[in-house]
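Chain by chain, the residues run as shown.
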Amino acid sequence: MRLWSYNTRMGCLTLPACRHLWSRRFCRLVVTWILIVGSVHGRVAIGSTPSMEAGGRISGRIVDAVNGVSVAGASVVTVNGSGGTQADAEGRYLIDRLDAGEYSLRFSHVGYETRQVDGVRVRKNETLVLDIRLKKAPIGLKGMTVVPGRYAVMGSEPTIYQSLTRRDLTTLPQVGEDLYRAINRLPGITSNEYSARFNVRGGEYEQLLVTLDGLQLYEPFHLKDVEGGALSIIDAAAVDGIELITGGFGAEYGDRMSGVLSIRSRRPPVNRRRFSFGISVMNVRAMLEGTFNDNRGAWLFSAKRGYLDLVQKLSGRDDKFNPRYYDLFAKVQHQIGRRHVFAAHFLRAGDNLLIAGSEDYYSEYDTLVTSFDNTYGWLTLYSEFSGRLTARTMISFGEVGHDRSGRVSVNHNGTYDISTRVNDTKSFRAAAIKSDWEWGVSERSVLKLGVETRDLAANYNYEGHLYRYYSDNYWLFRIDTVLAKLEPSGVQFGSYLAGRVRIAGPLTAELGLRYDRMTYSDDETFSPRINFVCRPGPRTSIRAGWGYFYQAQGIDGLMVGDGEDTFNTAERAEHWVVGLEHDFPFGLLFRAEGYVKRYSDLRPQLRNLRGLIDAFPEMKRDRVVVYRDGADSRGLEIFLKKPVGRKITLWASYALARIEDDVSIVKYVYYDDAERYDRKMPNPNDQRHTIYLDMNYRPTQKWQINISWRFHTGWPYADSTNDYSAQLRRMCAVRYGNYSRVDLRVNRDISIFSGHLTAYIELINLLGRKNVRLYYYDTTCDRDGCYDVKKTEYWFGALPVFGISYTRGF
C-alpha cells in the first residue's frame, strides 16, 4: 500500500475479461440457488395451491388489552389448520375461503398471551367480524431480546418496548422526511446537520451494517458529495419497522464493527388497496400498495423525486447548482401453500449533481459533475416447516456506480494558482446467495445457523492532476498526478452457528461463532460472541455482551486518488456491553447501558484537517494520513420514555462518551512534513456529552405538536493558521463550542375527498442559534504584507420546512 506515491498502476485484469468472469460466477450462483430451493422446498410448494371457490370470511382488528394500540403482525390461525394470516400495520386481519361451519381461532404475538376463541360460526359467502384484545405475557425464548444496545422503531413489537412508534416518527422534526435524521436522536449516535449518515459509539459510518428486508445495502444515500450523503434512498412511508443495534450484536451479522440497522418494508393492509402522495420543500413522493388473490399476495411500489432543479428552471435562475435525485422501490410477495412466502424486491436510486463556476470563488470554467447509481434486486423464500423450524433463503444482485469529474482553480491573492482536474469512475457489483435457519430444539434451547457467499467485482478508473503555478509569469511550480486503473474481484464467504439456551429460570445465554473469508484481501477471521439476559422480574431485563467483530476493507474501498492500490488486512473491534431495562408500573420505560469498544489492527486513515466540504478532498493541501496503533471508545447511555395520559409523550436521553485514538505518526500526503505523536488523542467524532429532550403533544385527534431540544459538546479540531506544520502539530488539540438547537413541528390531520390529508410545518433551529461548524483561515495581502484572517462557518440558522401528504383507498 502506498498512500503518497503517484505513479500509474494498472490492474491485473482487463475490463472485458473481468466482466466475463463475473458473469459466469453469477450464473453459477443462480443455478445453485434454484437447485437448493427446488430440493429443499419444492415438495411442499407443488400442488398446494388452494381452491378458488368462494367461502366464508372472518375479519377484525387486534389491539392491546390495556391501551387499545394496534398489535401489528399478530398471527391468526384456525386450530384445525384450514387457514391463517397476519395482522397488518393497523392490526386488521382477514381469513377467507372458509367452508361453512364452526371454527376455533388462535391469536398470538411476541410479548402477548396466546388467546383461543372457540365456537366461531362461519356461513358461506358471509363475513364475520371478530375484534380481539390481547394481554401482555412473558416473552418466549425465540422472541427474547438477548443482545444489549437494541432499539425498536415502529414495527410489530408492543408499543411500550418501541423506542419510537410510527406516530412518534411522523411527528419528530426531521429535515427532508428522512428516516436516518429521525432515529439519529437515539443514544450512542452522533451526526451533523448536513448529512443523513450517523456514527455509532465512535465508529465511522462505514462500520454500520444496513439491511432492507434482509439485503445488505451499500451507500444508501442521495447527494453523497455532501458529507457522504444528504438524504436516504429509502422512503420513510414504505417502511414498517426498524431495528437498531448499537453494540454486542449476534453472530448472524458479519463484516461490520459498530452496529446494525435493519429496515423492514411496509406490509400492505389486508383486503385493501391504498394510494399515498406527498410533497415537501425538497421532494415529491408517491406510493401504491395492495393485495391480490384473496389476500394471499401483496404488492407495494414507491417513488421519490427531488425537484430543486425543476424549481430553478421554472424560476429562470442560472443552473450553477443543479442537484437531481430519485429512488424507486417495488415489492411483490405471495403465499405458497400454508408454510411458504415468496417475495421479490427491487430498489433503484440515482443522483446527478452539477455545480458550475461562480464569480466569488471559482473561475467561470470550473465545474463539478457527479452521478451515483444504486441498483438492487433480490428474491426471498420464507419457510416455516413446523412450529420449530424456519428458514429464509435469498438470492440477490447489487450494483453501485460513481462518476465524478471536474476542474477547480483557486487564486491565492495573486501569488500563485492551484488547479485541480479529476476524472473518477468507480463501480462495484455483488451477487449473493444467503440462507438462514432457526430451529427450536426444545422449550429451553434454540439453534441458529446460516451461510452466505458473495461474488464481488469492482472497477476503478482514476485520473487526477494537481497543477501549481506562479501567477506573474505562469511558471509551472509543481505537478502531482495520480493515474489508477484497477479491477479487483473475489469471493466473500461467511457462516455462523449460534445457540440460545435458558440456563435457569431468569437467565438465558446465546453463544455464537462466526467465520468470514475474503479472497480479494486474503482475510480469514473467526469471531466468538456471547450474550446474556437475566429477567429477575416481568418488568426488568439485565443484558450483557462480549465479542470480536471484524471488518475487511471493502472491495470498493481503495482510496486510489491517494495512491492506495492494495488491500489492508481486516480491522477488529472488541465489544464489552452491559445494560439494564425496566418498565415501571406507571408507564416509564428506563434504559441504561455502559460499553467499552477497543479497536486494533487499524489501517491508515485519511483526513482533511481543515474540514471544508470539497469535491476533491484527495487533492487538497491539508490531506494527511494518520497511523494509529489502536483506538478506544467507551461510554454510558440513558434513555427514558414516558406517556403522560393519552395526549403527551416524553422522551429524554443522555450519553457520556470518550473516543480516543492511539496515534503514532501523522504525515501530509503532498508534503514531507510529518509529526510523531506516540500518544492518545481525541478522535474527530469525540462527543463527550449529548442530551436529547422531546415532547409530543396531541391536543385533539387532528393536531400533533412536537418540540425537541438537542445539545452536545463540541468536536475537536486542529486550530492553527495556514501554517501547515503548526496545523499538523495541533491536530484535534482544541474543541468547537457547545452545540444547541430547539426544533418545532406541527401536524394537522384532515379528512377530505374520501381520504386522509396531513399537513405539517417544521421550524428547525427555532431560536436561530449560531452553532459553529468550523473555523478556517484566508490569506489576505495588502501593501503592508500578507496575513491570515480567521473566518467562521455556521450550521443551519432558522430553517422552515413544510409539506403535505394524502392517503386514500381505491
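Residues numbered from 1 in each chain as written. Predicted model: local features only at pLDDT ≥ 70, side-chain atom pairs only at ≥ 80, totals over all residues. Heavy atoms only, no water.

A. Summary view of the overall build of the protein. Within the protein, the secondary structure is distributed over five helices and 48 strands. Of all 810 residues assigned to the protein, the portion counted as buried reaches 53%. For the protein, the share of sequence-separated contacts (at least 6 apart) that also reach a separation of at least 24 residues comes to 65%. (Helix = DSSP H or I, 4+ residues; strand = E, 2+ residues; numbered from the N terminus. Buried < 20%, exposed > 50% of the residue type's maximum accessible area, 1.4 Å probe, protein only. Contact = heavy atoms within 4.5 Å.)

B. How the structure looks around the pairing of strand β47 (residues 785-794). Pairing of strand β46 (residues 772-782) with β47, which is carried by ten bridges, proceeds in the antiparallel orientation. Each residue of the ladder has a partner; that of T780, found in β47, is Y787. Counting the residues that bridge the hairpin from β46 to β47 gives two residues. (Pairing = 2+ DSSP bridges.)

C. Main features of the pattern of salt bridges. Applying the stated criterion across every chain, the model contains 39 salt bridges. For D255, the salt bridge is made with R256, and the minimal N-O distance between the two is 3.4 Å. Exposure class is identical for D255 and R256. Each is buried. A salt bridge links R348 to D373; its shortest N-O distance comes to 3.1 Å. In this pair, R348 sits in strand β24 (residues 340-356) while D373 sits in strand β25 (residues 367-384), placing the two residues 25 residues apart along the sequence. The exposure class assigned to R348 is partly exposed, which follows from its relative accessible area of 23%. What you see here is one network of salt bridges that share partners, running through R201, R591, E593 and E637. (Salt bridge = Lys/Arg side-chain N within 4 Å of Asp/Glu carboxyl O.)

D. Structural context of the nonpolar core. Of all hydrophobic cores here, the largest spans 70 residues; its most connected members are I183 and L261. Counting residues in hydrophobic clusters, the runner-up holds 19 residues, among them L98, L105, F107 and L134. (Core = buried A, V, L, I, M, F, W, Y, C linked by side-chain atoms within 4.5 Å.)

E. Fine view of the packing of aromatic side chains. A full pass over the atoms with the stated rule returns 22 aromatic pairs. Seen from the ring of Y775, K790 lies directly overhead, with NZ or CZ sitting 4.3 Å from the centre. (Phe/Tyr/Trp six-rings, centres within 6.5 Å; stacked < 30°, edge-to-face > 60°. Lys NZ or Arg CZ within 6 Å of the ring centre and 35° of its normal.)

F. Region of interest: the sheet that holds strand β7 (residues 115-122). Read across the open sheet, the four strands follow the order β4-β3-β6-β7; overall the sheet is antiparallel. Unpaired on one side and paired on the other, β4 (84-86) and β7 mark the two borders of the sheet. On average, each strand axis in the sheet is tilted by 20° relative to the strand beside it, whichever way the strands run. Summarising the sheet, strand β6 (residues 101-108) and β7 pair through six bridges and their orientation is antiparallel. Each residue of the ladder has a partner; that of E102, found in β7, is R121. (Axes fitted to C-alpha atoms, helices over the stretch in contact; angles between N-to-C directions.)

G. Focus on the environment of L447. Relative to the elements of secondary structure, L447 occurs in strand β28 (residues 445-470). Linking L447 and W437, residues ten residues apart in sequence, is a C-alpha distance of 8.2 Å.

H. Structural detail: a nonpolar patch on the surface. A contiguous nonpolar patch, built from F275, F277, I279, L288, F301, I804 and F810 and spanning about 550 Å² of accessible area, is present on the exposed surface. The leading source of residues in the nonpolar patch is strand β20 (residues 274-280), at three residues. Topologically, F275 is positioned in strand β20. The exposure class assigned to F275 is partly exposed, which follows from its relative accessible area of 30%. (Patch = residues over 30% accessible without salt bridge, like charges linked within 9 Å, V, L, I, M, F, W, Y side chains within 5 Å. Areas by Shrake-Rupley, 256 points an atom, 1.4 Å probe, with all protein chains shown as cover.)

I. Highlighting the side chain of N771. Secondary-structure assignment places N771 in the loop between β45 (755-764) and β46. A relative accessible area of 1% places N771 in the buried class. Excluding residues that lie within four positions of it along the chain, N771 makes contacts with N738, Y739, S740, N765, Y794 and W795.

J. Layout of unusual backbone geometry. Phi is positive for D213, close to 50°, though the residue is something other than glycine. Assignment of secondary structure puts D213 in the loop between β14 (208-212) and β15 (215-216). Despite not being glycine, N293 has its phi angle at roughly 55°, a positive value. By the element assignment, N293 lies in the loop between β21 (283-292) and β22 (297-306).

K. Structural detail: the environment of G214. With respect to the helices, strands and loops of the structure, G214 is situated in the loop between β14 and β15. Linking G214 and R264, residues 50 residues apart in sequence, is a C-alpha distance of 8.0 Å. If near-sequence neighbours (up to four positions away) are discounted, G214 is found in contact with R392, M394 and K434.

L. Here's a closer look at the side chain of T190. Positionally, T190 belongs in strand β12 (residues 189-190). Excluding residues that lie within four positions of it along the chain, T190 makes contacts with F198, N199 and Q687.

M. Representation of the confidence of the model for the protein. Summarising the model, the protein shows a mean pLDDT of 83, and 85% of its residues fall at 70 or more. Predicted confidence for residues 1-53 stays below pLDDT 50, and this span has 100 contacts to residues more than four positions away or in other chains. Scored below 50 in pLDDT, residues 359-364 makes eight contacts in the model with residues more than four places away or belonging to other chains. (pLDDT = per-residue confidence, 0-100.)

N. Focus on the pairing of strand β18 (residues 239-245). Within β18, seven of the seven residues are buried, leaving the element largely enclosed by the surrounding structure. Note: β18 against strand β19 (residues 259-265), six bridges, orientation antiparallel. Across the sheet, residue I245 finds its bridge partner in β19, namely V260.

O. Layout of the environment of Y307. Position of Y307 among the secondary structure elements: in the loop between β22 and α4 (308-315). Spatially, the C-alpha atoms of Y307 and Y326 are 9.2 Å apart, while their sequence positions differ by 19 residues. Among residues more than four places away in sequence, those in contact with Y307 are I279, S280, V281, M282, N283 and V284.

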